[in-house]
Amino acid sequence: MEYILANLFTDIWNQGILRPMINSLVFLYSVLFSNMGLSIIAFTIIIRILTTPLTLKQIRQMRAMTALQPRMQKIRDKYKGDSKKISSETMKMYREAGVNPVGCLGPLLIQFPIWIGLFQALIQTLPTNPDRLVALSEKLYSWVPNVHEAIPLSSDFLWLNLAEPDPTNIVMPLLVGGSTWVQQKMTSMPSADPRQQSTQSMMLWMMPIMLGLLSMTFPSGLALYWVVSNVVGVFTQYPITGWEPLFRKSTPAVQEDDDKDDEKDSQPEEEATDDRGSTDKSNNGKNRRRSNRGRNARARRRARRGRSRGH
Amino acid sequence: MPIPSITGSAPSGVPKTSPKPHPILLLPAIALLALVLAACAPGNVIGVAEGWTPVTVADGVVYAGTRDGNVLALNAQELDKDERAAPLWEYKPREENRLGSIFGPPAVGETHVYLSSARTDEETGRLIALRRDRESNSQLQQDEWEKTIEGALVGGPVLTGGRLLVGSEDGRLYCFDAANGDRRWTYQTQGLLTSQGKERRIWSTPAIANGVAYFGAMDGYIYAVSVESGEEVWKFKTGGAIVTSPLVVGGAVVFGSFDRTFYALNASNAAVLWTYSSDGWWWAGPVSDGATVFVSDMGGEVVALPIDRRDGDPPLWTHEIGYIVNSTPALIDDKLVVAAKSGLVSILDVSTGTAEEVPLPLDKDIRASLASAGAGELARVYFGDVDGVVRSLDVDRWRVSWTVETRE
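Computed from a prediction, not measured in an experiment: that's the story for all the values here. (Residues numbered from 1 in each chain as written. Chains lettered and ligands numbered in written order. Predicted model: local features only at pLDDT ≥ 70, side-chain atom pairs only at ≥ 80, totals over all residues.)

S.K.: Tell me about the sheet that holds strand S7 (residues 124-131) of chain B, and please be specific about residues and values.
M.R.: One key point about sheets: their strands pair by backbone hydrogen bonds, in either a parallel or an antiparallel sense. Strands sit in the order S5-S6-S7-S8 (chain B) across an open sheet of four strands; the sheet is antiparallel. Across the chains shown, the open sheet's two edge strands, defined by having one partner strand only, are strand S5 (107-108) and strand S8 (145-150) of chain B. (Pairing = 2+ DSSP bridges. Helix = DSSP H or I, 4+ residues; strand = E, 2+ residues; numbered from the N terminus.)

S.K.: Tell me about the nonpolar core, and please be specific about residues and values.
M.R.: Membership of the largest hydrophobic core comes to 160 residues, with the highest contact counts inside it found for Val-55, Val-62, Leu-74 and Val-337 of chain B. When residues in this core are grouped by element, the largest group, nine residues, is from helix H1 (residues 2-31) of chain A. Sequence-distant contacts of Val-62 of chain B, defined by excluding residues within four places in its chain, comprise Val-55, Val-57, Leu-74, Ala-76, Tyr-382 and Val-390 of chain B. Counting residues in hydrophobic clusters, the runner-up holds six residues, among them Ala-64, Tyr-94, Ala-97 and Val-99 of chain A. (Core = buried A, V, L, I, M, F, W, Y, C linked by C-beta atoms within 7 Å. Buried ≥ 20, exposed ≤ 12 C-beta atoms within 10 Å, placed from the backbone. Contact = placed C-beta atoms within 7 Å.)

S.K.: Let's hear about the confidence of the model for chain A: which residues, and what values?
M.R.: Do not read the fine detail of predicted coordinates wherever pLDDT is low. Residue and element names in this part refer to chain A. When pLDDT is averaged along chain A, the result is 74; 72% of the residues meet or exceed 70. Below pLDDT 50 for its whole length, residues 251-295 participates in 36 contacts with residues either more than four positions away or in separate chains. Counting interchain partners and residues more than four positions distant, the pLDDT-below-50 stretch residues 306-311 has zero contacts. (pLDDT = per-residue confidence, 0-100.)

S.K.: Just give me the short version of the packing of helix H4 (residues 69-78) of chain A against helix H5 (residues 83-97) of chain A, but keep the residues and values in it.
M.R.: All names here are of chain A. Taken N-terminus to C-terminus, the directions of H4 and H5 make an angle of 155 degrees; their axes are 9 Å apart at the nearest point. Comparing their axes, H5 and H4 come out roughly antiparallel. Classified by chirality, the crossing of H5 by H4 is right-handed. On the side of H4, the interface is formed by Arg-71, Met-72, Ile-75 and Arg-76, while H5 contributes Ile-86, Glu-89, Thr-90 and Met-93. Taken together, the residues of the contact of H4 with H5 sort by class into four nonpolar, one polar and three charged. (Axes fitted to C-alpha atoms, helices over the stretch in contact; angles between N-to-C directions. Parallel < 35°, antiparallel > 145°, perpendicular 65-115°, else oblique. Left-handed = near helix turned anticlockwise from the far one by under 90°. Nonpolar A, V, L, I, M, F, W, Y, C, P; charged D, E, K, R; others polar.)

S.K.: Tell me about the sheet that holds strand S11 (residues 172-177) of chain B, and name the residues and values.
M.R.: Residues and elements named next belong to chain B. Overall, antiparallel pairing links the four strands, which are arranged S9-S10-S11-S12 in an open sheet. Across the chains shown, the open sheet's two edge strands, defined by having one partner strand only, are strand S9 (158-160) and strand S12 (183-188). In this sheet, adjacent strand axes meet at a mean angle of 20 degrees when their direction is disregarded. Pairing of S9 with strand S10 (residues 163-167), which is carried by three bridges, proceeds in the antiparallel orientation.

S.K.: I'd like a description of the packing of helix H9 (residues 171-187) of chain A against helix H11 (residues 220-241) of chain A, backed by residues and values.
M.R.: Residues and elements named next belong to chain A. Interhelical geometry of H9 versus H11 gives an angle of 25 degrees and a closest axis separation of 9 Å. Between H9 and H11, the angle falls in the class roughly parallel. Judged by the twist between their axes, the crossing of H9 over H11 is left-handed. Of the residues in H11, those in contact with Met-172, Leu-175, Val-176, Ser-179, Thr-180, Val-182, Gln-183, Met-186 and Thr-187 of H9 are Ser-220, Ala-223, Trp-226, Val-227, Asn-230, Val-231, Gly-233, Val-234, Gln-237 and Thr-241. Considered class by class, the residues forming the contact of H9 with H11 number ten nonpolar, nine polar and no charged.

Have a look at this one:
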C-alpha cells in the first residue's frame, strides 16, 4: 500500500509538475534565442502571473489579520489566563471577520514545489552526462514543437553556467538575499503582538540569509529564478502599498494601531482634530495616522512629565 | 496588470473574504508535503554518473568496464560450465589513475585491450591500453600506456590499422598510435554556436571504413575524417544532436539524430540516400546483415530498413518494444536481440520482426551496447547493466546462462 502510494505521488510529481516545467523551459529556450537565462526569466514571470490570485489573497489575508490585532489584544487582556477561551474567542472573531488565519500560507507553500521542481528541472534540462540526457528524453513531450531538436541546451547566461553555482560565489547570493529582503519588507504588515513582531523581524533576516547561502551551492539558474521572482513580487506589491513599507519601522506602527483603536472607542474619528486645528475629514488615512501618532506621543510625554512631577 | 482593490468593508476595517473550514486545509498541505517528498525519490535525484558496464567479446573473453572504474576479463566458456568461475584478470588502477565512469565498449586488438572513460567531476577523459596474451588470456601487471585527455570520453575507442581513435567532450577526435600512445593527430569539430559559447561534445563511437572515420557530435554534424591524415573528408548537418555510433554498410553511412530522423548518406560524398522519421530520439546504434539496417528509436520502435530503400518507402517491418531503448541491439543467427532500458530483453525474427520468444523481464536498467558471439547452441549475447552485473544470454535456449557481479 505504502509502495503504491509512494509511486502514485512520484507519478503525480513527475507528470504534474516536473514534466510540464521541463517542457516549458525547453520550449521557451527554443523560442527565446536559445538562451536559458531568458527562458528562466520568462518562465518565472509566467509562474508569478499564474500565482497572482493566490498572492493577492495572501495580501488580503495579511492585511485583515493586521487590522484584527487590536481586537485580538483585547481578547487576550480580557481572558488573561484562560487560553481555551482566548482560543475560542479568537476563532469566533476570525469567523466574524471572514479571515482564515492560515490562508496567507497558501502562496508560500505553493512556492516549495516550484523551487524543488525548478531545481530538478534545471539539473535535468542541462544534462552534463549520458545518464541525465537519457532521463531527459523520458520527460520530453513528443507533441511540443522544437523541444527534441533544441537538446542539448546551452547553460551559459551572462557570467553564469546556470547548471552550476555562481562562480563568483558572491554576486548571485547577494542579489538573492537583497531582493528577498526587499520583497519581504514590502509585504510585511505591522503587528500588535510582540511575538509576531519578533517572528516577522526574524523572518525578515532569516529568509534572505538562508536563500543567499543556498544560492552559493545551488545551480545559479535557481538563484536567477529567486531574483526575478522577487523583483516581480516587489513590482506587484508596489501598486498596493507603495514604497512606504520599505522605510517603515516595525514598532511604532504596532503601537499606533493599538492607540488608534483605543481612541476610536472614546472619540469618533470624524470629529478628531490635530494640534493645528484642522479636521481629519479633509485628510487621507496617512495624515490621520501621522496626526494620531503625534498626539499619542505627546500624550505619552505629558503622562511621563506628570509622573515625574508626582515623584 | 491591474491589481484588484483590497480595501473595504467589515466593521473593524477588515475586508470580507469567504471563510474556509480549518481541517480541510490540512488535506492540500499533506498532499503538498507528499509531493515534495516524492520529488526527492531516487529517480528524480540524479547524482554523478557511474557508467553503464559496457562489454566487448573477443576470443571467448568478455571484457567489461565496471562501475568501480576497473576492467574485468571473464572467460565466457568457463562461466558457462561454472557460474562461480573466477575472472581471468582484473585491472584496478591506483587512485591517482582512476578511470571514472565507463560508458563506451572496450576495443580489443591482437595485443592490447583499450578502454576510454569519463572523469565527469574533473571533465577529463582517460584512455588506457592493457597488454593481453591471446594464448593464455593473461594480462601484464601494469597498463602499457595511459593518457589523460581534456574532455570526458563517453564514446568507446576504435582500433584500425595500428591506430586508436576516440572522440572527446572537448570536441576533438583524437588519433593515437595504438602501440605506444603517441598522438598522431587531432581533428577539431565545428561546434554549435550557442548564446555564449560552443557546444562541442562528442559521445559517439566512430565507425571506420575504407580509411575514413565517421562519427557524430552534439553540434548536429556527422563528420567523415581521414584516418591517415586527420583531414576532413566531408561533414553533414542534421537538425539535432548526434550521440549514436554510425554504421557503414553497402557504401552508405547510417545513423540517427535527435531531430528524430534516421539518415542514410553516401559514404563518399554525404549525399542523402534516404531518411526515416520517428517520434523519438535515435540513441542506439544500428546493426546490419548487409542488406537491411535494424535499429530502434528511444521510443522503443524497432525498424528494419533495407539499404536500397527510397525515401517514403515503408520499413520492412516495425516492432513496438514499449520501453525506452538506448543500447545497440545484437544480430545473431538471423535473430535480433533488443534490450530495453527497463530490462526487458526481446528476440525478433529479422525477416518478419515478430517476437520469437516471450521477452525476458530482467528488471535491470540496460543502456550499454549488446555484444554477441558464437552460433547455434553456442550463440550468446553479453551485456552489462547500470548496477554493474554482466550477463550472458543463451540465445538458443533463451535464458540467462550466467551472471557476474562486477562491483566490489
